[in-house]
Amino acid sequence: MARLSQRDAGRSRRGRVAEARAALGGRSVAGQVFVSQVVIVLLLVVAAVVALVLQVRHDSTIEARNRSVAVAEAFANAPGTREALDAPDPTAVLQPRAEAARKATGVDFIVVLNTDGIRYTHPKPDRIGKKFVGTLAPSLAGKVVTEEVDGTIGRLVQAVVPIKAPDGKVVGLVSAGITTEHVGGTADEQMPLLLGAAAGGLALATAGTALVSRRLRRQTHGLGPHEMTKMYEHHDAVLHAVREGVLIVSGDGVLLLANDEAERLLHLPADAEGRHVLELGLPADTADLLSSGRVATDEVHLVGDRLLAVNQRLTDLEGGPAGSVATLRDSTELRALSGRAETARERLNMLYDAGVGIGTSLDVTRTAEELAELAVPRFADFVTVDLFDAVLSGGQPDSGTDLRRTAFSGIRKDAPLHSVGDRMRLVASSPQIRALHSGQAVLEARLAESPGWRAQDLERTAQVLEFGIHSLIAVPLRAGALVLGVVNFWRSEKPEPFDTDELALAEELVARAAVSIDNARRYTREHTMAVTLQRSLLPRNLPEQNALDIAYRYLPAQAGVGGDWFDVLPLSGARVALIVGDVVGHGLYAAATMGRLRTAVHNFSALDLPPDELLVLLDELVSRIDQDETQDGDSAPVTGATCLYAVYDPVSRICTVARAGHPPPALIHPDGSVEFPDVPAGPPLGLGGLPFETADLELAEGSRLVLYTDGLVEDRERDIDVGLELLRTALERAGDSPEDTCRTVLDSRLTSRAVDDIALIVARTRALGADQVAEWDVPSDPVAVAQVRADVTRQLSRWGLEELEFATELILSELVTNAIRYGGEPIRVRVLRDRSLICEVFDSSSTSPHLRYAAMTDEGGRGLFLVAQLAERWGTRYTPEGKVIWAEQPLP
């Protein structure tokens, strides 16, 4: 019995070994699974090892960089390091410290360098005094540099840190480095664990495969692969399990086999097999196809209430029996799904078109029109967009019930809906008001059954229903917390009412459009603010003067307000200043900067400065503005500003011009010829450092001086030289008056859309005749004052201005007395009769008198006080030869 037991045990062990070998063999399914598991485990192990090595290498490099930078910065900033560089022997001081720090921190070297890269310290003393190997230029500029190099001790990471003096100057460098192999070590610790896990995985895979193999053999009752293949090839498992109908028809049209799905789809009788297909009661076209044996691919046949896709192939290919095999697939639901998919695709296309087609401009009305045009007729037959009035002007929408019809689009123009521009007061029961108050879209599937909508306007709603409009979706235009209006989608042609799916589509469509409408509203508000600011800063009316006959035009850019400006300023002595300027850019900041420059020119012109000196002051102002804006950080600096300043004297007919980066003026002579005078071109304002030069132009009476900004002669499509030639051509055919000149110039522009602001001034010169000017030379003798009074009295009598004799005598007496007493020769008196009576006293001194209030006990000091009381205006202007003190009195 014991021997039998031992034999059985041996056989059992040999059986298990054989099963294991069979399980692990590559021919069985279990063997193939085992091989695939082994391959997967090995791949995972290799990937883990590679990832571990790469991660450790990366971590080692990062750790080396961080440690070398920290050590170098700590040693560079340590007390005494910078002072040691100034010692007679820096190596004697720094070498011990560097070695102690190196050993304490675990780096491979700490090297102190001078700014030429010569080492003061090194772990190997024979390297001291030699050139350092590495990149030093960024560190000499004050930056920290880390790099990987192949040094004398192997592959290492080193950092170079500047040593800075208190004033920030780099006086030396510190480099610390460490080899990456001294930082790592994690891979050696984790590798055994990883390999052990891989071995365990292989063992588990082997055991699992053997267990699965034994269980499969038990469940299949010992069938081998061949027997199992035959079993799964059995026709019942194939034919009666698939969800497609399968028919096998003989060469003479007899049905040999039909699976369960074919019987269900064709409603075959129970005894169908063995009968001719023409006797099965099938539709004629389907029966003819099955009996003909012809090849068919996805032919659609209607059988009962189902659409069947039929595929048929012959069986006698390659020596098989005569006949055919047909497969049937129910495509009824697929057709329905295809229709729904097509509808969904069309809706997605419409949403895409909305994203690219709505909001192409920053105009509220145009954006609303784009929404209405997009949805007709793809989604609705009619679309109306109603907005609050405040939205159209860029303001915040109010909470009222009044809306204005902003956009309308439809398949017909005679719909009895409100027209564009109509103002509507909606009742609380209307779908639109409910949508506005709730913030949600409202669906009125059948308008005929909506008393709330019909209560809005019984007569008009009856006309709408009679017209055929029967369904409505009202969607509020919401942009964040703001409700801007409501969009109405109306249906008339399609008999089905709007449904909930179309309601969701309408909400999505309006949500995309609302963003664009709100952007347009915000732009309208900002544009209105900028235009208001700009117009408040530009001159509203030109001052009265007799020296020039002036016409002007200002054409703002359509893209937004800019910084172009102009001005006309009367000066002393009947002179007039013309100014044209340009600030680069558009928007509020450009307009505000333009206002600041215009105000500055007003203030500087009151000093009666020559054009070149005024531009110098303006240049300094722009530089200060740039500095202030740069320090502030919230505003952009003036990126460019140009200016042209011209002063015309009607007595001498001299026009003094200076320009700072501005286009040159144009001059139309009385005979109609045009030239661009050679005026030195100074740098734009704000650059500083370069002087400005002036040009004196003697203008014949009746000449026209044309000043403009670069938007008139330059754009993206043409160069300024081409623009100047076009301007010359336009000026040559312009009329005589400044108004005609402005009109001709603007009408001749090539482009209708202004991409930049345009400022244009045309000034026709006048001259003061000899009968309006009186001059006398005055000797430097107090006795001459009496003669001046007598001469002025006679001149005023000739002009019929006897009423001004007393005040004029007193003014000139005080001014001439001051010139004799405090000024220098020569001394001249000039009296001009213009819009006012102007008295001028010239002397060669550059000292200007000052108005002061004399005490009761003072014997003098009241002269200028009397002049200020008698004259409407008075002041001083400087000339290259001296100064002129002037006073103006209004004519009676």
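Residues numbered from 1 in each chain as written. Predicted model: local features only at pLDDT ≥ 70, side-chain atom pairs only at ≥ 80, totals over all residues. Heavy atoms only, no water.

S.K.: So what exactly am I meant to see when it comes to the pairing of strand β19 (residues 641-649) here?
M.R.: Of all the nine residues making up β19, nine are buried; the element is thus mostly covered by neighbouring parts of the structure. Residue alternation in β19 divides its side chains into two sets, A641, C643, Y645, V647 and D649 and T642, L644, A646 and Y648, and both sets are buried. Note: strand β18 (residues 576-586) against β19, eight bridges, orientation antiparallel. Residue pairing for β19: L578 is matched across the bridge by A646. Pairing between β19 and strand β20 (residues 654-660): seven bridges, direction antiparallel. Within β20, the residue paired with L644 across the bridge is R659. Between β19 and β20, which pair antiparallel and follow one another directly, the connecting turn spans four residues, one of which, R653, has a positive phi of 60°. (Buried < 20%, exposed > 50% of the residue type's maximum accessible area, 1.4 Å probe, protein only. Helix = DSSP H or I, 4+ residues; strand = E, 2+ residues; numbered from the N terminus. Pairing = 2+ DSSP bridges.)

S.K.: In this structure, what is going on with the sheet that holds strand β25 (residues 704-708)? I would like to understand it.
M.R.: Strands pair in a sheet through their backbones, by hydrogen bonds, and they do so in one of two ways: parallel or antiparallel. The five strands lie next to each other as β16-β26-β25-β21-β22, forming an open sheet whose pairing is antiparallel. At either end of the open sheet lies a strand with only one pairing partner, and these are β16 (548-555) and β22 (674-675). As paired strands, β25 and strand β26 (residues 758-765) are joined by five bridges and run antiparallel to one another. Bridge pairing in β26 links L707 to I761.

S.K.: Sorry, what's going on with the side chain of S813 here?
M.R.: Looking at where S813 falls in the secondary structure, it is placed in helix α23 (residues 805-822). A distance of 2.6 Å separates a polar atom in the side chain of S813 from the backbone oxygen of E809. Those residues within four positions of S813 in sequence are excluded, and the remaining contacts are V785 and R789. (Polar contact = N/O pair within 3.5 Å; in protein donor to acceptor, adjacent residues only side chain to side chain. Contact = heavy atoms within 4.5 Å.)

S.K.: Looking at this structure, I do not really get the nonpolar core. What am I missing?
M.R.: One finds L578, L618 and Y645 to be the most contacted residues of the largest nonpolar core, which totals 51 residues. Here the element with the most residues in this core is β19; it accounts for seven residues. If we ignore the near neighbours within four places in the chain, the residues touching L618 are L597, A600, V601, F604, C643 and L685. One finds A354, V364, A380 and M424 within the second-largest nonpolar core, a separate group that totals 47 residues. (Core = buried A, V, L, I, M, F, W, Y, C linked by side-chain atoms within 4.5 Å.)

S.K.: Would you take a moment to explain the packing of helix α20 (residues 720-732) against helix α21 (residues 738-747) for this structure?
M.R.: Helix packing geometry: the angle between the two helix axes and the distance between the axes. Running from N to C, α20 and α21 point in directions that differ by 140°, and their axes come no closer than 9 Å. Taken together, the axes of α20 and α21 are oblique relative to one another. The crossing of α20 and α21 is right-handed. Between α20, through L727, A730 and L731, and α21, the contact on the second element is made entirely by T741, T744 and V745. Considering only residue class, the contact of α20 with α21 consists of four nonpolar, two polar and no charged. (Axes fitted to C-alpha atoms, helices over the stretch in contact; angles between N-to-C directions. Parallel < 35°, antiparallel > 145°, perpendicular 65-115°, else oblique. Left-handed = near helix turned anticlockwise from the far one by under 90°. Nonpolar A, V, L, I, M, F, W, Y, C, P; charged D, E, K, R; others polar.)

S.K.: Can you walk me through the environment of L195 in this structure?
M.R.: Residue position: L195 is located in helix α6 (residues 186-219). Here L195 falls in the partly exposed class, since its relative accessible area comes to 46%. Separated by 146 residues in the primary sequence, L195 and V49 have C-alpha atoms spaced 8.9 Å apart.

S.K.: Would you mind going over α20 with me for this structure?
M.R.: Because each turn of an α-helix spans 3.6 residues, side chains separated by three or four positions in sequence point in the same direction. Its 13 residues place the ends of α20 18 Å apart at the C-alpha level, agreeing with the 18 Å of an ideal helix rising 1.5 Å per residue. Those residues of α20 that fall on the buried side of the exposure criterion are G723, L724, L727, A730 and L731. Considered in projection along α20, the buried side chains sweep an arc of 120° and stay on one side of the axis. For α20, the secondary structure elements touched by its buried residues are β21 (666-668), β22, β25 and α21. (Expected span 1.5 Å × (residues − 1). Arc of directions from axis to C-beta.)

S.K.: What am I meant to see in the sheet that holds strand β28 (residues 827-833) here?
M.R.: Ordered in space as β27-β28-β29-β31-β30, the five strands form an open sheet in which the pairing is antiparallel. Pairing within the sheet leaves two strands with one partner each, and these edge strands are β27 (773-778) and β30 (873-879). Each strand of the sheet is rotated relative to its neighbour by a mean of 15°, with strand direction disregarded. Here seven bridges tie β30 to strand β31 (residues 882-890), and the two strands are oriented antiparallel to one another.

S.K.: In this structure, what is going on with the packing of helix α22 (residues 784-799) against α23? I would like to understand it.
M.R.: Interhelical geometry of α22 versus α23 gives an angle of 145° and a closest axis separation of 9 Å. Crossing geometry of α22 relative to α23 is assigned as right-handed. On the side of α22, the interface is formed by V785, V788, R789, V792, T793, L796 and S797, while α23 contributes E805, T808, E809, L812, S813, V816, T817 and I820. For the contact of α22 with α23, the class distribution of residues is seven nonpolar, five polar and three charged.

S.K.: What should I look at first to understand the packing of aromatic side chains in this one?
M.R.: Describing an aromatic ring pair means giving the distance of the ring centres and the angle of the ring planes. A full pass over the atoms with the stated rule returns six aromatic pairs. Measuring from centroid to centroid gives 6.3 Å for F382 and F408, while their planes differ by 25°, and the two rings are stacked. In this pair, F382 sits in strand β10 (residues 382-387) while F408 sits in strand β11 (residues 402-410), placing the two residues 26 residues apart along the sequence. You can call F382 buried: its relative accessible area is 0%. Judged by its relative accessible area of 24%, F408 is partly exposed. Three or more aromatic residues joined by ring pairs form one cluster here, namely F379, F489 and F498. (Phe/Tyr/Trp six-rings, centres within 6.5 Å; stacked < 30°, edge-to-face > 60°.)

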